[in-house]
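# Survey of secondary and tertiary structure
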Amino acid sequence: MLLLWLSVVTTSAFASPLPGAGGQRGIAALEQPEAPNVVLIVSDSFDGRLTFHPGSQVVKLPFINFMKTHGTTFLSAYTNSPICCPSRAALWSGLFIHLTESWNNFKGLDPNYTTWMDVMEKHGYRTQKFGKLDYTSGHHSVSNRVEAWTRNVAFLLRQEGRPMVNLIPNKTKIRVMEKDWKNTDRAVNWLRKEAVNYTQPFVLYLGLNLPHPYPSPSSGENFGSSTFHTSLYWLEKVSNNAIKIPKWSPLSEMHPIDYYSSYTKNCTGKFTKKEIKNIRAFYYAMCAETDAMLGEIILALRQSDLLQKTIVIFTSDHGELAMEHRQFYKMSMYEASAHVPLLIMGPGIKANLQVSNLVSLVDIYPTMLDIAGITFPQNLSGYSLLPLSSETLEHKFKHLHPPWILSEFHGCNVNASTYMLRTNQWKYIAYSDGVSVLPQLFDLSWDPDELTNVATKLPDIAYSLDQKLRSILNYPKVSASVHQYNKEQFIKWKQSIGQNYSNVIAHLRWHQDWLKEPRKYESAINQWLKTPH
């Protein structure tokens, strides 16, 4: 059925050149009488490397491939923070993490924050949102926030269930992630029944949970999400022979931050090659199901005669390690975790174009306003992507994106604030105050798997990149601010639960380890609270 839909869309939607070809619609959409509609689809945990060669060989993604053929693919797109809420805060605000102080999954934007969608609505766009948003403060589990606040405490506790797979042995089971399919149906119905009747342009947002791993109740009362779950229908979309088994460094040779992450994610035990391959196969199958939901939206636009006047954008909040570097989940600056998909298709957007320029999710805000022809604030961290993807030559060399991107991480499963500066071939990762934890430097031109840290071998390059990073933000100062915030928040939380504190903290996600030596771990927290810095 999906292949039939794809055939219909391919032969009908773009049989002739896209409207706007030859410079009819430029960087500012208001130059034309009618601004385009915009549909933004944001998945969760989608590895961007699957949208281009060689990653694209491992799983069939027909609708992403359709967008590649008829639009622009950004080959070097990154999250500004490899975790849900902070990443989405950057996407909706257009600002770097340290500017909005979106430190963890509990600390995002204020609910009344003015987003790009609010601005577009003010300028006459009809707006609608479905599905996962997760960019405001106050959400996620108690475990998630306490783990983030206590990351500098001198203990090591497993916070996640062991990564595992769960199969529905049914070759016809398509709708595995029911919640996402329901939200996709709601978006499709809105397009067909409401948006099609609008005289004004519209902007639609659809947030998906997939391909984020599923909850693992077996890991205890306050469980995490370590289950990769799919059906045979989707598993058959995966090319088993193309699945790479990632190389791992011995535990004794891991960077100390990586070791902490691997341990807290319950990944330091023994895994067979079959287990690793299964986890990766199931993850890719979950990506295939995500692609099908994208297809539903494209088909609905086509059937409603909206596709040729709608710009479609597909991206994700971050990637998924899927057992690379002996980890699953995200919370890492490695490519699998930090590299996101970013594809744009529609009127005035170049077809079959691959852009290698470095871009990131803060660029979504100015891009959305630029599509609508709205002047955007000068204080944004991001830049419009239209100069890199538009058919129009006008403004081609104005407001060009700088040749670097910044990503930060301040949340759980990593015991130091982390900063990534990505430039041409280099990835520089600094930690904490820049002194107490050694940095990492990878040359992705010859080490795409990031297995060789060359920071000590190339000190001049590491120093130069560190100076550039410090010119963007005073990262030791930011780290100190986060450290202080963590203590203050933990003390407030501890006071709020009063005499029940010992029982509550013992039964968070780390309960299996905590309950073995509860006094030891409470004592470690008390020591941390007493230290001045």
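Structural data are supplied above this passage.
Residues numbered from 1 in each chain as written. Predicted model: local features only at pLDDT ≥ 70, side-chain atom pairs only at ≥ 80, totals over all residues. Heavy atoms only, no water.

### Quick look at the sheet that holds strand E2 (residues 71-78)
- Read across the sheet, seven strands follow the order E3-E5-E1-E7-E8-E2-E9 without closing on themselves; strand pairing throughout is mixed. Of all the strands in the sheet, just strand E3 (126-131) and strand E9 (353-360) have a single pairing partner and so form its edges. With direction set aside, neighbouring strand axes in the sheet form an average angle of 15°.
- For E2 and strand E8 (residues 342-345), the ladder comprises three bridges, and the chain directions are antiparallel. The partner of Thr73 across the bridge, within E8, is Leu343.
- On the sheet, helix H2 (residues 62-70) packs against E2, strand E7 (310-316), E8 and E9 and is oriented at approximately 60° with respect to E8. (Pairing = 2+ DSSP bridges. Helix = DSSP H or I, 4+ residues; strand = E, 2+ residues; numbered from the N terminus. Axes fitted to C-alpha atoms, helices over the stretch in contact; angles between N-to-C directions. Contact = heavy atoms within 4.5 Å.)

### Details of the packing of helix H15 (residues 475-497) against helix H18 (residues 518-530)
- Close contact between H15 and H18 brings their axes to 11 Å; oriented N to C, the two are set at 125°. Relative to H18, the element H15 is oriented oblique. Seen from above, H15 lies across H18 with left-handed handedness. Where H15 approaches H18, its residues His483, Asn486, Lys487, Phe490, Ile491 and Lys494 are matched on the opposing element by Ile525, Asn526, Trp528 and Leu529.
- The residue makeup of the contact of H15 with H18, split by class, is five nonpolar, three polar and two charged. (Parallel < 35°, antiparallel > 145°, perpendicular 65-115°, else oblique. Left-handed = near helix turned anticlockwise from the far one by under 90°. Nonpolar A, V, L, I, M, F, W, Y, C, P; charged D, E, K, R; others polar.)

### Considerations on the sheet that holds strand E12 (residues 426-431)
- In space, the four strands of this open sheet follow the order E10-E11-E12-E13, with antiparallel pairing throughout. Where the open sheet ends on each side, the last strands, each with one partner, are strand E10 (404-409) and strand E13 (440-443). Strand-to-strand twist in this sheet, taken as the mean axis angle between neighbours without regard to direction, amounts to 15°.
- Summarising the sheet, E10 and strand E11 (residues 418-423) pair through six bridges and their orientation is antiparallel.

### Brief notes about H15
- With 23 residues, H15 should cover 33 Å at 1.5 Å per step; its first-to-last C-alpha distance of 33 Å lies within 8% of that length.
- Turning to H15, its buried residues are Tyr475, Pro476, Val478, Ser479, Val482, His483, Tyr485, Asn486, Lys487, Gln489, Phe490 and Trp493.
- Immediately beyond the C-terminal end of H15, within one or two residues, lies Gly498, with a positive phi of roughly 55°. (Expected span 1.5 Å × (residues − 1). Buried < 20%, exposed > 50% of the residue type's maximum accessible area, 1.4 Å probe, protein only.)

### Considerations on the packing of aromatic side chains
- The final tally for this structure, using the stated rule, is 25 aromatic pairs.
- Summarising the aromatic geometry, the rings of Phe46 and Phe314 are spaced 5.6 Å apart at their centres and angled 85° between planes, so their arrangement reads as edge-to-face. Placement of Phe46 in the loop between strand E1 (37-43) and H2 and of Phe314 in strand E7 is noted, with a sequence separation of 268 residues between them. Both residues of the pair, Phe46 and Phe314, belong to the buried class.
- Arranged with centres 5.6 Å apart and planes meeting at 50°, the rings of Phe490 and Trp493 form a pair that is tilted. Of this pair, Phe490 and Trp493 both sit in helix H15, separated by three residues, roughly a single helical turn. (Phe/Tyr/Trp six-rings, centres within 6.5 Å; stacked < 30°, edge-to-face > 60°.)

### With respect to helix H6 (residues 142-149)
- Here H6 lies mainly inside the structure; seven of its eight residues are buried.
- Restricting attention to buried positions, one finds in H6 the residues Ser143, Asn144, Arg145, Val146, Glu147, Ala148 and Trp149.
- Where H6 is buried, its residues meet H15 and H18.

### Here we look at the nonpolar core
- Ranked by internal contacts, the top residues of the largest apolar core, which has 83 residues, are Leu191, Phe202, Ile297 and Leu301.
- In terms of residue count, helix H10 (residues 273-303) provides more of this core than any other element does, 17 residues in total.
- Excluding its chain neighbours within four sequence positions, the residues that come into contact with Ile297 are Val39, Ile41, Thr184, Ala187, Val188, Leu191 and Leu206.
- Membership of the second largest hydrophobic core comes to 41 residues, among which are Phe106, Val362, Tyr475 and Leu508. (Core = buried A, V, L, I, M, F, W, Y, C linked by side-chain atoms within 4.5 Å.)

### A few points about empty space enclosed by the protein
- In the structure shown here, the tally under the stated rule is three cavities of 30 Å³ or more.
- For the largest cavity, the lining is made up of 14 residues, of which Asp258, Met331, Ser332, Met333 and Tyr431 are closest to its centre.
- At the level of elements, helix H9 (256-264) and E12 are the ones that each hand at least two residues to the lining of the largest cavity.
- Taken together, the residues that form the lining of the largest cavity break down as eight nonpolar, five polar and one charged. (1 Å grid on protein atoms, 1.4 Å probe; cavity = no way out; pocket = protein on both sides within 12 Å on 5 of 7 lines; lining within 4 Å. Points joined across faces, edges and corners; volume = space filled by probe spheres on them.)

### Focus on the environment of Ala148
- Within the element layout of this structure, Ala148 appears in helix H6.
- Not counting chain neighbours up to four residues away, the residues in contact with Ala148 comprise Asn104, Gly411, Cys412 and Asn486.

### Side note on the pattern of salt bridges
- Tallying each qualifying case throughout the model produces 20 salt bridges.
- Between Arg88 and Asp44 there is a salt bridge, and its shortest N-O distance comes to 3.4 Å. Taken together, the residues Arg88 in helix H3 (residues 84-93) and Asp44 in the loop between E1 and H2 connect sequence positions 44 residues apart.
- Judged by relative accessible area, which is 1%, Arg88 ranks as buried.
- Residue Asp44 is classed as buried on the basis of its relative accessible area of 0%.
- When the shortest N-O distance is used, the salt bridge between Arg509 and Glu147 registers 2.5 Å. You can see Arg509 sitting in the loop between helix H16 (501-506) and helix H17 (511-514) and its partner Glu147 sitting in helix H6, a full 362 residues away along the chain.
- Among the residues examined, Arg509 registers a relative accessible area of 8% and is labelled buried.
- Judged by relative accessible area, which is 1%, Glu147 ranks as buried.
- Each of Asp44, Arg88, Lys132 and Asp317 takes part in a single network of salt bridges with overlapping partners. (Salt bridge = Lys/Arg side-chain N within 4 Å of Asp/Glu carboxyl O.)

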